[in-house]
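# Remarks on the overall topology
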Amino acid sequence: ATPAATMVGTSIGANNGVVFKGGDVLERVRDVDAVVFDKTGTLTEGEMSLTDVVAIERAPDGGRLRDDDGSASGGEPEAGPDAEAEVLRLAAAAERNSEHPLGRAVVAGAEARGIDVPEATDFENVPGQGVRATVEGATVLVGNRRLLDDAGIDTAPAEEELRRLESEGKTAMLVGRIPRDAPDGAGSDAGAVVGVVADADTVKPTAADAVRDLRERGLDVHLLTGDNERTARAVADEVGIDPDNVRAEVLPDDKAAVIESIQAEGTAAMMVGDGVNDAPALATASVGTALGSGTDVAIEAADVTLMRDDPTDVVKAIRISAGTLSKIK
Ligand code: ADP
Ligand code: MG
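Please read all numbers here as calculations on a predicted model, not as lab measurements.

### What about the packing of helix 1 (residues 3-15) against helix 13 (residues 312-327)?
In contact at an axis separation of 9 Å, helix 1 and helix 13 are set at 150 degrees when each is read in the N-to-C sense. Considered as vectors, helix 1 and helix 13 are oriented roughly antiparallel to each other. Two packed elements cross with a definite hand, and for helix 1 against helix 13 that hand is right-handed. Contact residues: helix 1 offers Ala5, Val8, Gly9, Ile12 and Gly13, while helix 13 offers Ala317, Ile320, Ser321, Thr324 and Leu325. Here the residues of the contact of helix 1 with helix 13 are counted per class, giving six nonpolar, four polar and no charged.

So, in structure tokens, the structure goes:
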């Protein structure tokens, strides 16, 4: 672009909440063939709220909800309101220090239900998987199947509940507990899944319009998320993204590799995301587009920032670049 075109495009963009960084960005935006959207916080509001708490009954010789020591509570019912409150209490304790919207919604949900959330120590965030922390001497894990699998916890007892919640488009998280002094390896005293908690998010009102406009312009639209397949498909269906273009359960470090594979055959992709976990993909894409409310890391890695967090501003960015470059040579 000539300096004049760059100046005009950049200033029209700025007036429309679209910040173009650097001189050659306009050309690259004009030339994209595919747009890849992150799900949470990008196509959805990213404002989660807790919707479900389910206690999983322990298998006859499986793990147990409480230790038989000081924190024990013999005769505790294994399902019902008390068991559910206990699941939420543990989950909220583990998520107490989490900055992830999923974790914050769990803590807020527990507080709203009047649950006294205990302190936790040894908090650890496992990106793209969940959290773990020590609560009352036990290790509590909250996250996806992978997180619990890696800790040697059998997730099968919760599978039916997980699927039910996921097919409703909710993000369901397993709550696992490994008692103090658990021996290594599986066994009756090893960890067990004690429950499932679910958060729901709402799709942004303009997300479907953005997808429709992009497809009408001949662009290929994809969804890329760390969330599970069922939830991802439910959202894709709602906004009009082809199920074949859904890439779910992608770890943060693998998002960039997915962009590379989309670009492998000469396709120029624009990645649109908001999170720390999107930064490598934003940097890898021909155009990285961050939301203004996104994390600083995402904004720094991006070429374009959408100040209004509106998915239809992706279309606006493409229109502005195409328009100014064709008019001002
Ligand atoms: P996205 O790509 O949709 O922004 P993330 O990569 O941040 O999602 O997370 C992927 C998955 O990891 C979530 O859907 C959830 O199952 C799990 N997860 C991540 N952080 C947490 C957390 N703090 N608590 C529970 N689960 C989590
Ligand atoms: Mg996100």
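### Some points on the sheet that holds strand 3 (residues 49-55)
Reading across from one edge, 3-8-7-6-5-4 is the order of the six strands in this open sheet, with antiparallel pairing throughout. Bordering the open sheet on either side are strand 3 and strand 4 (121-126), each of which pairs with just one other strand. On average, each strand axis in the sheet is tilted by 20 degrees relative to the strand beside it, whichever way the strands run. When strand 4 meets strand 5 (residues 130-135), the two strands line up antiparallel, connected through four bridges. The partner of valine 126 across the bridge, within strand 5, is glycine 130. Helix 4 (residues 81-95) contacts strand 3, strand 5, strand 6 (138-143), strand 7 (171-178) and strand 8 (192-200) of the sheet and is inclined by roughly 100 degrees relative to strand 5.

### Structural notes on the site of ligand 1
Around ligand 1 lies a shell of 23 residues, among which Thr40, His100, Gly103, Gly130 and Gly226 are the nearest. Elements that contribute at least two residues to the shell around ligand 1 include exactly helix 3 (39-43), helix 5 (101-112), strand 5, strand 6 and strand 7. Within the shell around ligand 1, the residues separate by chemical class into five nonpolar, 14 polar and four charged. When residues of the shell around ligand 1 are assigned to domains, at least three map to each of domain 1 (3-45 + 203-327) and domain 2 (49-200).

### Remarks on unusual backbone geometry
The bulk of non-glycine residues show a negative phi, and the bulk of peptide bonds are trans. Of note, the phi angle at aspartate 122 is positive, near 55 degrees, even though the residue is not glycine. With respect to the secondary-structure elements, aspartate 122 resides in strand 4. Even without being a glycine, glutamate 249 presents a positive backbone phi close to 55 degrees. Residue placement: glutamate 249 occurs in the loop between strand 10 (246-247) and helix 10 (252-263).

### Some points on the domain arrangement of the protein chain
Where interface size is quoted, it is often the accessible area lost as the parts come together. For the protein chain, the domain assignment lists domain 1 (3-45 + 203-327) and domain 2 (49-200). Each of domain 1 and domain 2 was reduced to a C-alpha centroid, and the two centroids are 34 Å apart. Facing the 12 residues of domain 1 at the interface are 10 residues of domain 2. Put simply, the parts of the chain that give the side of domain 1 that touches domain 2 at least two residues each are helix 3 and helix 9 (229-239). A per-class count over the side of domain 1 that touches domain 2 returns four nonpolar, six polar and two charged.

Criteria and thresholds
Residues numbered from 1 in each chain as written. Chains lettered and ligands numbered in written order. Predicted model: local features only at pLDDT ≥ 70, side-chain atom pairs only at ≥ 80, totals over all residues. Axes fitted to C-alpha atoms, helices over the stretch in contact; angles between N-to-C directions. Helix = DSSP H or I, 4+ residues; strand = E, 2+ residues; numbered from the N terminus. Parallel < 35°, antiparallel > 145°, perpendicular 65-115°, else oblique. Left-handed = near helix turned anticlockwise from the far one by under 90°. Contact = placed C-beta atoms within 7 Å. Nonpolar A, V, L, I, M, F, W, Y, C, P; charged D, E, K, R; others polar. Pairing = 2+ DSSP bridges. Near = placed C-beta within 6 Å. Domains from an automatic or database assignment.

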